[in-house]
Amino acid sequence: MVNSDLLNAITYLPGIGPSRAKLLEAELGIKTWRDLLYTFPYKHIDRSRLYKIRELMPDMPFVQVLGQFRSFEEAGQGRKHRLTGHFWDGEMFLDVTWFQGISYIKQSVKIGKEYILFGRPSVYGGRLCVNHPDLDSPESTVLSKMSMQPYYSTTERMKKAGMTSRMLERFTSTLFSRLTWTLPETLPSYLIERLHLMPLDKALRAAHYPTTADELAAANMRLKFEELFLIQLVILNYTRKRQQQRVGRRFTHIGECFNTFYRRYLPFPLTEAQKRVIREMHADMKSGRQMNRLLQGDVGSGKTLVALMIMLIAIDNGCQTCIMAPTEILAEQHLQTFRSFLKNMPIRVELLTGSVKGKRRKAIEEGLRDGSIHILIGTHAVIEDNVQFHNLGLVIIDEQHRFGVAQRAKLWSKGQGAGGKEQENTFCPNNPPAPCPMPLAPYPHILVMTATPIPRTLAMTLYGDLDVSVIDELPPGRKPVRTLHIYDNQPEQLRRGIIREIEAGHQVYIVYPLVKESEKLDLKNVQDEYVHLQEVFPQYRISMVHGQMKASEKDAEMQRFVSGETQILVATTVIEVGVNVPNASVMIIQNAERFGLSQLHQLRGRVGRGAEQSYCILVSNFKLSAETRKRLQIMTETNDGFEIAEADLRLRGPGDLEGTQQSGIAFNLKLANLGRDGQLVQLARDTASYVLDADPDLLAPDNILLRQHLQELKKEHKDWSQIS
Ligand code: ADP
Ligand code: MG
């Protein structure tokens, strides 16, 4: 049976003995023929053309030149030791230099013999040269036949053992010579036709050995599409099943509370975006199905007010509501905000955090059980405790951007009794008898609010089955924060700027990247800096907050700044989490080169909350990589969180984005990139939707391959249902 040949151990290929097989498995996870087939080259290089030396320019990509060495010379000692060969193409000489493996080159490379030299031109001391090229003999069969040569990633250990990209190339070409039959298709033929996809057999061969760049692109597109499509199929399948099952409370009417607040106490008109998302959520909440929605809105876009207003709808419909904040200090801020918004209304708002103890705690727990508390504000820790509600109808998770996808998934699974365990429940984990409203359907509606703008296509995958609402508009009258990038050799200028702002009655944040663990990187230490700043600014009071402090110490220091007792807050990134100090007008970020874009943007969001012009000063080192320079430049050019998120995704790829890393979601994408392949993600989503519309349980004979895939994927990712 030819198909099962793909499951042959890799040792069934000539050239791969036990020790190489071991290395391939350990380093690249390659065990079978199939694994090797799906280990794709990271690039191809066009080897069909020979260049003349006179055509070469620095910064060209890899090129090949036919010629011979006329002479060699050695120079330098120790680390400067180098070997330079003078390579002649019949017209001109080119310097070819080696800094390592010199004795091997001297032995093996012959003067006067023809070589095809393959390398990247650069300039050294004003002369064009090529360092450490590959050398092949012109008659080498690989070369003469090859137009697009594959390059495979290898690891340090593989390189040490002599296992190069070239060797992997030999393995794959041998493998293809053995695969004399047509590899079986994995997608239904109606999709292949409809989307004009390359058949799998051709795509796999062309992904390794394309004849043209166009063929390579078509092959990659087919393989990427398949990866993304199968993921979307799982997510959508799960979403639809759940939507059918999850009955939600029906919040049909908008009543007294909402209307009174809206007409009499709303301190400012809502933005159009706020109105729109409230409508979207209300549509969910009256549908009879459970709302599962993600509300995205840049820092300062007014999510809290939106949260409050939909809570009022829930209260109008006889339910209790709760909002969870990531930290105690934020929970307290919410309490103040909510109480001041609602001060003239008969709505009971209470706070429950780890610091609420004894009698006060008892009273609150009592109020939750008897239904007299309408809005509970708390932290996760507290909510996960044994807290019982009389009639909880809406849960809002204000995560800022700190909770990873995995943490959320945990909460989800508890909050909703996902994974079949309908009994397990966040709000009454011990599952006591009445009053325990939670595990019984209908489920409370769930809204997650995030300040991290997530590009749409990424959200589609990471947040899978959540519906997404976006506040894409800031309240009017905000002055955009002005962002400047300066180098760290201008402390005096910075000092004067700080004094000017503080004398004008404002407050200043100064943020540093790390505390203590920074032995290797020469980063400023917050503690030293604190001492130093006290010397520079003896006239001001300074707070310090960092990650090594206890939560209570942190809160106390923070509070000093919030209350205006201190003028400067020196901190590590702990302050990212949405503290609101409208009086703070300057955010200075030291070693800005060490921060990612989304982090910088979050930090900047701490200022610009009042009516005054605010500033964000990015202070960096002189030595910046091109990517870092680009990052800082983007920050100075735009305040738009979505633009920044898109740029971040392009620059870093999705793996690094906050949240996705901790998420532990093994998407197992070999080719597709959620950042760069946004359009394909959309196509995959639409196609999955089309397939499931026509055949929800994938029972049609045409879809048998998909049904099998789904079953396998589900086996591999037991946690899927919780994450998406
Ligand atoms: P975030 O989305 O970051 O949580 P907040 O809800 O904290 O933002 O809102 C930021 C500030 O904007 C608050 O002071 C809030 O009162 C104010 N705000 C919210 N909505 C509006 C609006 N429609 N018009 C004017 N100011 C608003
Ligand atoms: Mg907020």
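This one's a predicted model, so the numbers in the text were calculated from it and none came from an experiment.

**Focus: the overall build of the protein**
Looking only at helices and strands, the protein features 27 helices and 22 strands. When the 724 residues of the protein are sorted by exposure, 53% land in the buried category. Accessible surface for the protein amounts to roughly 33,700 Å². Of this, 51% is attributable to carbon and sulfur atoms.

**A look at the pairing of strand E6 (residues 121–124)**
Bridge count for E6 against strand E7 (residues 127–131) is 4 bridges, and the pairing is antiparallel. Along E7, the bridge assignment pairs serine 122 with cysteine 129.

**Remarks on the packing of aromatic side chains**
Aromatic ring pairs are defined here through the distance separating the ring centres and the angle between the ring planes. Counting across every chain of the model gives 15 aromatic pairs. Residues phenylalanine 69 and tryptophan 98 carry aromatic rings whose centres are separated by 6.0 Å and whose planes lie at 50° to one another, so their mutual orientation is tilted. Of this pair, phenylalanine 69 sits in strand E2 (residues 63–75) while tryptophan 98 sits in strand E4 (residues 93–98), and the two are 29 residues apart along the sequence. The buried category is assigned to tryptophan 98, whose relative accessible area is 3%. Ring geometry for tyrosine 487 and phenylalanine 622: centres 4.4 Å apart, planes at 15°, overall stacked. One end of the pair, tyrosine 487, is in strand E17 (residues 482–487); the other, phenylalanine 622, is in the loop between strand E22 (615–620) and helix H22 (626–637), and 135 residues separate them in sequence. Residue classification places tyrosine 487 among the partly exposed positions, given a relative accessible area of 21%. A relative accessible area of 46% means that phenylalanine 622 is categorised as partly exposed.

**Describing unusual backbone geometry**
Most peptide bonds are trans, and most residues other than glycine sit at a negative phi. Positioned with a positive phi, histidine 132 is a non-glycine residue whose angle comes to about 45°. Within the secondary structure layout, histidine 132 lies in the loop between E7 and strand E8 (134–136). In this model, leucine 698 sits at a positive phi of 50°, which is unusual for a non-glycine residue. Residue position: leucine 698 is located in the loop between helix H25 (678–694) and helix H26 (704–716). By relative accessible area, leucine 698 is classed as buried at 2%.

**Comments concerning the sheet that holds E2**
The strands making up a sheet are joined through hydrogen bonds of the backbone, oriented either antiparallel or parallel. An order of E6-E7-E4-E3-E2-E5-E8 is seen for the 7 strands of this open sheet, with the pairing classed as mixed. Both outer strands of the open sheet, E6 and E8, are each paired with one neighbouring strand and no more. Across the sheet, the mean angle from the axis of one strand to that of its neighbour is 45°, orientation sign disregarded.

**A closer look at the sheet that holds strand E20 (residues 568–571)**
If you trace the 6 strands from one edge of the open sheet to the other, you get E17-E22-E21-E18-E20-E19, paired in parallel fashion. In this open sheet, the two strands that pair with only one neighbour each are E17 and strand E19 (542–545). Strand-to-strand twist across the sheet, computed as the mean angle between neighbouring axes with direction ignored, equals 20°. Each of strand E18 (507–511), E19 and E20 touches helix H19 (residues 526–536); the most contacted strand, E19, lies at about 180° to it.

**With respect to the nonpolar core**
Of all hydrophobic cores here, the largest spans 44 residues; its most connected members are Phe261, Ile310, Leu342, Ile347, Ile375, Ile377 and Ile396. A total of 11 residues in this core trace back to one element, the largest contributor, which is helix H12 (residues 303–316).

**A word on a negative patch on the surface**
Judged by side-chain charge, Glu637, Asp640, Glu643 and Glu646 come together as a negatively charged surface patch. Note on placement: glutamate 637 falls in helix H22.

**A few points about helix H20 (residues 551–562)**
Structurally, the α-helix is built with 3.6 residues per turn, so residues lying three or four positions apart point the same way. End to end, H20 covers 16 Å across 12 residues, agreeing with the expected 16 Å (1.5 Å per residue, within 8%). Along H20, the residues that are buried comprise Glu557, Met558 and Phe561. Seen from one end, H20 has its buried residues packed into an arc of 100°, which puts them on one side. Buried positions along H20 lie against helix H13 (328–341), E18, E19, E20 and strand E21 (584–589). One or two positions beyond H20, positive phi appears at glycine 564, with a value near 90°.

**Quick word on the site of ligand 1**
Close to ligand 1 lie 16 residues, the nearest being Gln274, Gly300, Lys303, Thr304 and Arg478. Glycine 300 is positioned such that a nitrogen or oxygen atom in its backbone is 2.6 Å from an oxygen atom of ligand 1. At 2.5 Å, a side-chain N or O of arginine 478 approaches an oxygen atom of ligand 1. Considering every element that reaches the shell around ligand 1, the biggest residue donor is H12, with 3 residues.

**Some details on the packing of H12 against H13**
It is at 11 Å that the axes of H12 and H13 come closest, and there the two elements cross at 60°. Of the possible angle classes, the one that applies to H12 and H13 is oblique. For the pair H12 and H13, the crossing hand works out as right-handed. Of H13, the residues touching H12 (which contributes Thr304, Leu305, Leu308 and Met311) are His334, Thr337, Phe338 and Phe341. Looking at the contact of H12 with H13 residue by residue, the classes come out as 5 nonpolar, 3 polar and no charged.

**With respect to the packing of helix H1 (residues 18–28) against helix H6 (residues 165–178)**
Closest axis-to-axis distance for the H1/H6 pair is 14 Å, and the angle between their directions is 105°. The pairing of H1 with H6 is recorded here as roughly perpendicular in orientation. Two secondary-structure elements touch here, H1 through Arg20, Leu24 and Leu28 and H6 through Met167, Leu168 and Phe171. Looking at side-chain class alone, the contact of H1 with H6 contains 5 nonpolar, no polar and 1 charged residues.

**A look at H19**
Among the residues making up H19, those that are buried are Val526, Glu529, Tyr530 and Leu533. End-on, the buried residues of H19 take up no more than an arc of 105°, which puts them together on one face. Turned more than 90 degrees off the buried face of H19, the exposed positions are Asp528 and Glu535. In this structure, the buried residues of H19 make contact with E18, E19 and E20.

**Side note on the environment of leucine 66**
Secondary-structure assignment places leucine 66 in strand E2. Leucine 66 gets classed as partly exposed once you look at its relative accessible area, which sits at 30%. Here leucine 66 is in contact with Leu50, Tyr51, Phe87, Asp89, Glu114, Tyr115, Ile116 and Pro138, once residues within four sequence places are set aside.

**Some thoughts on the confidence of the model for the protein**
When pLDDT is averaged along the protein, the result is 83, and 83% of the positions lie at 70 or above. Low pLDDT, under 50, characterises residues 402–440; the predicted model gives this stretch 100 contacts beyond four residues in sequence or across chains. Confidence drops under a pLDDT of 50 for residues 656–666, and excluding neighbours within four residues, the segment shows 24 contacts in the predicted structure.

Quick notes on the rules
- Residues numbered from 1 in each chain as written.
- Chains lettered and ligands numbered in written order.
- Predicted model: local features only at pLDDT ≥ 70, side-chain atom pairs only at ≥ 80, totals over all residues.
- Heavy atoms only, no water.
- Helix = DSSP H or I, 4+ residues; strand = E, 2+ residues; numbered from the N terminus.
- Buried < 20%, exposed > 50% of the residue type's maximum accessible area, 1.4 Å probe, protein only.
- Areas by Shrake-Rupley, 256 points an atom, 1.4 Å probe, with all protein chains shown as cover.
- Pairing = 2+ DSSP bridges.
- Phe/Tyr/Trp six-rings, centres within 6.5 Å; stacked < 30°, edge-to-face > 60°.
- Axes fitted to C-alpha atoms, helices over the stretch in contact; angles between N-to-C directions.
- Contact = heavy atoms within 4.5 Å.
- Core = buried A, V, L, I, M, F, W, Y, C linked by side-chain atoms within 4.5 Å.
- Patch = residues over 30% accessible without salt bridge, like charges linked within 9 Å, V, L, I, M, F, W, Y side chains within 5 Å.
- Salt bridge = Lys/Arg side-chain N within 4 Å of Asp/Glu carboxyl O.
- Lys, Arg positive; Asp, Glu negative; His and termini not counted.
- Charge placed at Lys NZ, Arg CZ, Asp CG, Glu CD.
- Expected span 1.5 Å × (residues − 1).
- Arc of directions from axis to C-beta.
- Near = heavy atom within 4 Å.
- Polar contact = N/O pair within 3.5 Å; in protein donor to acceptor, adjacent residues only side chain to side chain.
- Parallel < 35°, antiparallel > 145°, perpendicular 65-115°, else oblique.
- Left-handed = near helix turned anticlockwise from the far one by under 90°.
- Nonpolar A, V, L, I, M, F, W, Y, C, P; charged D, E, K, R; others polar.
- pLDDT = per-residue confidence, 0-100.

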